[in-house]
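Next come the chains, spelled out residue by residue.
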Amino acid sequence: MMRTRPLKVALLGCGVVGTEVARIMTTHADDLAARIGAQVELAGVAVRRPSKVREGIDPALITTDATALVKRGDIDVVVEVIGGIEPARTLITTAFEHGAGVVSANKALLAEDGSALHAAAERYGRDLYYEAAVAGAIPLVRPLRESLAGDKVNRVLGIVNGTTNFILDKMDTSGAGYSEALDEATALGYAEADPTADVEGFDAAAKAAILAGIAFHTRVRIGEVHREGITEVTAADIASARRMGCTVKLLAICERAADGRSVTARVHPAMIPLSHPLASVREAYNAVFVEAEAAGQLMFYGPGAGGSPTASAVLGDLVAVCRNIVGATTGPGESAYTRLPVSPMGDVVTRYHISLDVADKPGVLAQVATVFAEQDVSIDTVRQQGRQDGSGEASLVVVTHRAPDAALSGTVEALRKLDTVRGVASIMRVEGE
């Protein structure tokens, strides 16, 4: 039976994603009503620049007073797509206080203060859904929160930023340097005018914090996520990876410790074998592996950004929240019962690919091997090649076995002190084996 009073939705933000959310709500209104059991009505749109023409949106719905909109009292659901910490945090908590459920795409806020938002939602008996905050259109948050709620997730590994994947893919396929690949990403609209959040790994780190918290039923904040971007990745790194039968990806990796007593969350570039499914993720696409005890290995793949894909995730959450309102219930809230500590990066066991510029003379390899032995780091492979440029130098590439990251970092520092080592050309972790 269809509910007679329509459910009223307030939209905070009307950029690329918000505009697409409004469009789909209008063009698919009858389908949405049939799926929810009630009509859904866009009751107001809060923006910063009211004079801007927004095609398909009634100008009478536009307001610059977001606070007044969420306080109206007749709003059933608030959709927040403005991003940032404030005023988004205050607006979301105000929405809960005035009886509205919330759908958010705000990864930065959720990674920084998700526990407080969940607490506010629980206090007022409202929903907080945020599928669009991670990996665009890919259903990932809900499978972790609901479909795998009866399983034990041990690892989440994936590509969660389309901009950096596009840049690294272009460097790999065309031989371009980082700057040229970034320029192309910017020209095509994949990179913002200020790409810092993407290329320095902040965006991926926020998503890693959210995923780790859900997967391991504990609280992980963005400040606890080890973060490295791709700005130092060179064409030489890409070429070296190719010689190893690998490619380079910016990975988000969330793991439960083997003893189950802690978790780790990290974002950094890594070499992965071409045989690994993530190696074939091209352009601005995202892909995430989830490893669970009973379910095994699951892969989620699809477009990770853009107006339409992100709007699809927002609308999916909107339908879920509206269904809960019609059914007089709420969905799952925060599950943080394990209260596991987040281990520092130094405790993480990883592999390294280290490329050195060394003096081309006898005994150098023995000196280098001694440093690794003193740091208790085992060597997997070594490749040394002299140069024909008369410099008297050679290239020495060492790939290690797995060891604590702190030991590997100490090894690199010790190598720098050798008089036969002219420089460390590149250092990169190796994953996927």
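Our subject is the structure listed above.
Residues numbered from 1 in each chain as written. Predicted model: local features only at pLDDT ≥ 70, side-chain atom pairs only at ≥ 80, totals over all residues. Heavy atoms only, no water.

Along the chain, Leu-182 turns up in helix H8 (residues 178–187). Along the backbone, Leu-182 and Asp-419 are 237 residues apart, and their C-alpha atoms lie at a distance of 36 Å. With residues near it in sequence (within four places) discarded, Leu-182 still touches Ile-167, Ala-191, Pro-195 and Val-199. (Helix = DSSP H or I, 4+ residues; strand = E, 2+ residues; numbered from the N terminus. Contact = heavy atoms within 4.5 Å.)

Here we come to the layout of surface pockets. In this structure, the second largest pocket encloses a volume near 390 Å³. Lining the second largest pocket are 23 residues; nearest its centre among them are His-118, Tyr-130, Gly-213, Ile-214 and Glu-334. When residues of the lining of the second largest pocket are traced back to their parent elements, those giving at least two are helix H5 (107–123) and helix H10 (202–216). Top contributing element to the lining of the second largest pocket by residue count: H5, with seven residues. The class makeup of the residues in the lining of the second largest pocket is nine nonpolar, eight polar and six charged. (1 Å grid on protein atoms, 1.4 Å probe; cavity = no way out; pocket = protein on both sides within 12 Å on 5 of 7 lines; lining within 4 Å. Points joined across faces, edges and corners; volume = space filled by probe spheres on them. Nonpolar A, V, L, I, M, F, W, Y, C, P; charged D, E, K, R; others polar.)

Let's shift gears to the environment of Thr-163. Locating Thr-163 in the fold gives a position in helix H7 (residues 162–174). Thr-163 sits in the buried class, given a relative accessible area of 7%. Dropping the residues within four chain positions of it, Thr-163 is found in contact with Tyr-190, Ala-191 and Asp-198. (Buried < 20%, exposed > 50% of the residue type's maximum accessible area, 1.4 Å probe, protein only.)

Going through the model one piece at a time under the given rule, you end up with two cavities of 30 Å³ or more. Its volume calculated, the largest cavity comes out at about 40 Å³. Considering the residues around the largest cavity, the lining is formed by Tyr-129, Tyr-130, Glu-131, Val-141, Arg-142, Arg-145, Glu-146 and Asp-317. Broken down by element, the residue count for the lining of the largest cavity peaks at four residues, all from helix H6 (residues 141–147). By residue class, the composition of the lining of the largest cavity is three nonpolar, no polar and five charged. Of the volumes computed, that of the second largest cavity is approximately 30 Å³.

Strand order in this open sheet of six strands is S3-S2-S1-S4-S5-S6, and the pairing throughout is parallel. Of all strands in the sheet, those with a lone pairing partner are strand S3 (62–63) and strand S6 (128–129), marking the two edges. Here strand S4 (residues 77–80) runs beside strand S5 (residues 101–104); their pairing, made up of four bridges, is parallel. Paired with Glu-80 across the bridge in S5 is Ser-104. Strand contacts of helix H2 (residues 29–36): strand S1 (3–12) and strand S2 (38–46), with the helix running at about 120 degrees to S2, the strand carrying the most contacts. (Pairing = 2+ DSSP bridges. Axes fitted to C-alpha atoms, helices over the stretch in contact; angles between N-to-C directions.)

When you tally the buried positions in strand S7 (residues 153–159), you get six out of seven residues, the bulk of the element. Bridge analysis of S7 against strand S11 (residues 285–292) gives six bridges, and the strand direction is antiparallel. Bridged to Ile-159 within S11 is Ala-287. Where S7 meets strand S9 (residues 246–256), four bridges bridge the pair, whose relative direction is antiparallel. Residue pairing across strands places Val-156 opposite Cys-254, the latter belonging to S9.

We now examine the packing of aromatic side chains. Throughout the structure, instances matching the rule amount to two aromatic pairs. Here the aromatic rings of Phe-166 and Tyr-190 are separated by 4.7 Å at their centres, their planes lie at 40 degrees, and the arrangement is tilted. Here the residue Phe-166 occupies a position in helix H7, and Tyr-190 occupies one in the loop between H8 and helix H9 (196–199), the gap between them amounting to 24 residues. Judged by centre distance (5.4 Å) and plane angle (10 degrees), the ring pair of Tyr-285 and Tyr-301 falls under stacked. One end of the pair, Tyr-285, is in strand S11; the other, Tyr-301, is in strand S12 (residues 296–303), and 16 residues separate them in sequence. We classify Tyr-285 as partly exposed; its relative accessible area is 36%. Over the ring of Tyr-129 we find Arg-145; its NZ or CZ atom is 5.4 Å from the centre of that ring. Of note, Arg-227 hangs over the ring of Phe-202, and the distance from its end group to the ring centre comes to 3.8 Å. (Phe/Tyr/Trp six-rings, centres within 6.5 Å; stacked < 30°, edge-to-face > 60°. Lys NZ or Arg CZ within 6 Å of the ring centre and 35° of its normal.)

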